[in-house]
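Summary of the model geometry
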Amino acid sequence: MQLEEMRAFMLNLNAMAQRVRVRTSLKSYSFRVVLQKDEDVYLATVPALPGCHTWGYSQAEALQNIQDAIETYIADLLKQRSNSSCGRPAGQ
């Protein structure tokens, strides 16, 4: 096993799953968040939201940062959705 593979394996062993609740004005969402301890920081990713990841110096900071990232991600998705439906006749 190569050093990088071994390190990735060890990180996966140390990964912790958490759930984060996010509320928008109309709905509440719950996402599984994976926390991984890297050298001096905690990495947080949301498997259900591609590209949604962040980090923090502590678990609490990483969870707060990922909650902010999820809220931004969802707001952007909703904005894109409302922009793409503009100009279409009702019912289409």
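Just so you know, the residues in each chain are numbered from 1, in the order the chain's sequence is written. Only residues with pLDDT of at least 70 get local features here, since the model is predicted, and only at 80 or more are side-chain atom pairs given and counted; chain-wide, interface and lining totals rely on the full set of residues. Think of the side-chain values as coming from all heavy atoms in the structure, minus any hydrogens and water.

1. Remarks on the environment of leucine 43
Working definition: helices are DSSP H or I runs of at least four residues, strands are E runs of at least two. Numbering for both runs from the N terminus. Note on placement: leucine 43 falls in strand S3 (residues 42–45). Accessibility here uses a 1.4 Å probe with only protein chains present; expressed as a share of the type maximum, an area under 20% marks a residue as buried, one over 50% as exposed, and anything in between as partly exposed. Given the relative accessible area of 27%, leucine 43 is considered partly exposed. Sequence spacing of leucine 43 and glutamine 59 is 16 residues, and the spatial spacing of their C-alpha atoms is 8.6 Å. Apart from the residues lying within four places of it in its own chain, the contact partners of leucine 43 are Val34, Leu35, Gln36, Asp38, Thr54 and Trp55. What makes two residues a contact is simply this: any of their non-hydrogen atoms within 4.5 Å.

2. A look at the environment of isoleucine 74
Relative to the helices and strands, isoleucine 74 is located in helix H2 (residues 59–85). Through-space distance from the C-alpha of isoleucine 74 to that of valine 22 is 9.0 Å; in sequence the pair is 52 residues apart.

3. Some words on the nonpolar core
Residues Val33, Val46, Ile66 and Ile70 are the most contacted members of the largest nonpolar core, which totals 14 residues. Elements with a contribution of two residues or more to this core: strand S1 (16–23), strand S2 (28–37), S3 and H2. If you tally residues by element for this core, the top one is H2, at four residues. Filtering out sequence-adjacent residues up to four positions away, isoleucine 70 remains in contact with Val20, Val22, Phe31, Val33, Val46, Leu49 and Cys52. For this analysis, a nonpolar core means a set of buried residues of the types Ala, Val, Leu, Ile, Met, Phe, Trp, Tyr and Cys, connected via side-chain atoms within 4.5 Å.

4. Some remarks on the packing of aromatic side chains
Only centres within 6.5 Å qualify two rings of Phe, Tyr or Trp (six-membered ring in Trp) as a pair; their planes then separate them into stacked at under 30 degrees, edge-to-face at over 60, and tilted for everything else. According to the stated counting rule, one finds one aromatic pair in the structure shown. Look at NZ for Lys and CZ for Arg. If either is within 6 Å of the ring centre and within 35 degrees of the ring normal, a charge sits over the ring. Directly above the ring of tyrosine 42 sits lysine 37, whose terminal nitrogen or CZ lies 4.8 Å from the centroid.

5. Quick notes on a positive patch on the surface
Two distance rules govern patches: like charges are joined within 9 Å, and nonpolar side chains (Val, Leu, Ile, Met, Phe, Trp, Tyr) within 5 Å, applied only to residues with over 30% relative accessible area and no salt bridge. Accessible surface area values rest on a Shrake-Rupley calculation with a 1.4 Å probe, where residue burial reflects the displayed protein chains alone. Here, a salt bridge means any side-chain nitrogen of Lys or Arg that lies within 4 Å of a carboxyl oxygen of Asp or Glu. A residue counts as positive if it is Lys or Arg and as negative if it is Asp or Glu; His and the chain ends are not included. Charged groups are reduced to one reference atom each: NZ for lysine, CZ for arginine, CG for aspartic acid, CD for glutamic acid. Positive charge collects at one region of the surface, where Arg19, Arg21, Arg23 and Arg32 lie side by side. No other element matches S1, which puts three residues into the positive patch.

6. Concerning the confidence of the model for the chain
A residue-level look at the chain finds 68% of positions with pLDDT of 70 or above and a mean pLDDT of 77. Along the chain, pLDDT gives the predictor's confidence residue by residue, from 0 to 100. At the low end of the mean pLDDT range in the chain sits helix H1 (residues 3–14), at 46; at the high end sits strand S4 (residues 53–56), at 96. Confidence over residues 5–14 falls short of pLDDT 50; this stretch has eight contacts with residues more than four positions distant or in other chains.

7. Here we look at the pairing of S3
Residues of S3 alternate between two faces, with Tyr42 and Ala44 buried on one and Leu43 and Thr45 left unburied on the opposite face. Here, strands pair whenever DSSP counts at least two bridges between them. Relative to S3, S2 is paired through four bridges, and the arrangement is antiparallel. Bridge pairing in S3 links glutamine 36 to leucine 43. Counted along the chain from S2 to the antiparallel partner S3, the turn is four residues long. Judged from the four bridges that link them, S3 and S4 form a sheet pairing that is antiparallel. Bridging across to S4, tyrosine 42 finds its partner in glycine 56.

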